[in-house]
Amino acid sequence: EEWEEDETDVPGGGKPNLWEESWDDDDLSEDFSKQLKEELKKVDAQKGEMQR
Amino acid sequence: LVANTTEMPDLLSFRTSDVVTFKYYCGVIAFLDEDYFKAEEHLEMAYRLCHKDAQKNKELILTYLIPTKLLTRRQLPSAALLEPYPSLEAVFLPFTKCIKGGDLRGYDENLAKGEDWFVKKRIFLTLERGRDITLRNLFRKVYLSAGDSKTRIPVDHFRAAVSWKSGVDVETEEVECFLANMMYKGYIKGYISRERGMVVLSGTNAFPDTGV
């Protein structure tokens, strides 16, 4: 079977980019930093226990 | 006398449907040979030439093109790309979320959940390698959350992040090992100062190709 280019899904023809960067996460908000600090406290607490 | 591919007739002299099929199989074979750059080239061409109504064919091509691009370009399919293919969407969309979010546990769970299908399609091992990208993204987030251009970050911060996102308490040595691996693979530019328990990152381009 034969067909022309306009019968394919050629990316770029007004279509949004179909591939995105794997690190491109818009959720990088204060939430991550906040939660990381919480997790750090847990780590520190564990350390304290171990040293005791 | 050695025959080579230049003796083949020009691809354009064949029917488009045959070219798509040919390129698809060339791509899958290169994929299974772990020659991902070659696989990407073949599969991209197959995808580009594929008739827009040939849903099933495009789905087959994408089954291999998605894991391939994860390895060659660290790129993920957008929601718009997956939307027309519910079965691919169900499998790959959760993956993309985990990879972007540095969610190690989620990544492992999705890998385990889809294992049978991944093994059947022979994409399991390739996807397993994608875990590195998840870890890289998590470390990148730790770096970004430390604030503007901070180049010294305690190993403990990375350790806390890995423990949190993997749901397993990891040892400092283990995290140092992860970090060293990332540095070796060129995902992170910097070194570990063990005496100080610090990761010292490059002032520029500490996470190459990710804009920071």
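Everything that follows concerns the structure shown earlier in this document.
Residues numbered from 1 in each chain as written. Chains lettered and ligands numbered in written order. Predicted model: local features only at pLDDT ≥ 70, side-chain atom pairs only at ≥ 80, totals over all residues. Heavy atoms only, no water.

1. Description of empty space enclosed by the protein
All names here are of chain B.
(1) Moving on: Evaluated as defined, the whole model comprises one cavity of 30 Å³ or more.
(2) Moving on: Considering only enclosed or pocket space, the largest cavity measures out at about 60 Å³ in volume.
(3) Moving on: Every element with two or more residues in the lining of the largest cavity is listed here: α3 (55-73), β1 (75-77) and α5 (86-101).
(4) Moving on: Top contributing element to the lining of the largest cavity by residue count: α5, with four residues.
(5) Moving on: Considering only residue class, the lining of the largest cavity consists of eight nonpolar, one polar and no charged. (1 Å grid on protein atoms, 1.4 Å probe; cavity = no way out; pocket = protein on both sides within 12 Å on 5 of 7 lines; lining within 4 Å. Points joined across faces, edges and corners; volume = space filled by probe spheres on them. Helix = DSSP H or I, 4+ residues; strand = E, 2+ residues; numbered from the N terminus. Nonpolar A, V, L, I, M, F, W, Y, C, P; charged D, E, K, R; others polar.)

2. Some remarks on the nonpolar core
Side chains of nonpolar character tend, in soluble globular proteins, to be buried together.
(1) Moving on: Within the largest apolar cluster, 65 residues are counted, with the highest numbers of intra-cluster contacts made by Leu62, Phe139 and Ile188 of chain B.
(2) Moving on: The leading source of residues in this core is α3 of chain B, at seven residues.
(3) Moving on: Sequence-distant contacts of leucine 62 of chain B, that is, excluding residues within four places in its chain, are made with Trp19 of chain A together with Tyr47, Pro67, Leu81, Tyr85 and Leu88 of chain B. (Core = buried A, V, L, I, M, F, W, Y, C linked by side-chain atoms within 4.5 Å. Buried < 20%, exposed > 50% of the residue type's maximum accessible area, 1.4 Å probe, protein only. Contact = heavy atoms within 4.5 Å.)

3. Brief notes about helix α9 (residues 131-145) of chain B
All names here are of chain B.
(1) Moving on: In this model α9 runs 21 Å from its N-terminal to its C-terminal C-alpha over 15 residues, within 8% of the 21 Å that 1.5 Å per residue would give.
(2) Moving on: Within α9, eleven of the 15 residues are buried, leaving the element largely enclosed by the surrounding structure.
(3) Moving on: Within α9 the residues assigned to the buried category are Ile133, Thr134, Leu135, Arg136, Asn137, Leu138, Phe139, Arg140, Lys141, Val142 and Tyr143.
(4) Moving on: Two residues or fewer after α9 comes glycine 147, characterised by a positive phi angle close to 105°. (Expected span 1.5 Å × (residues − 1).)

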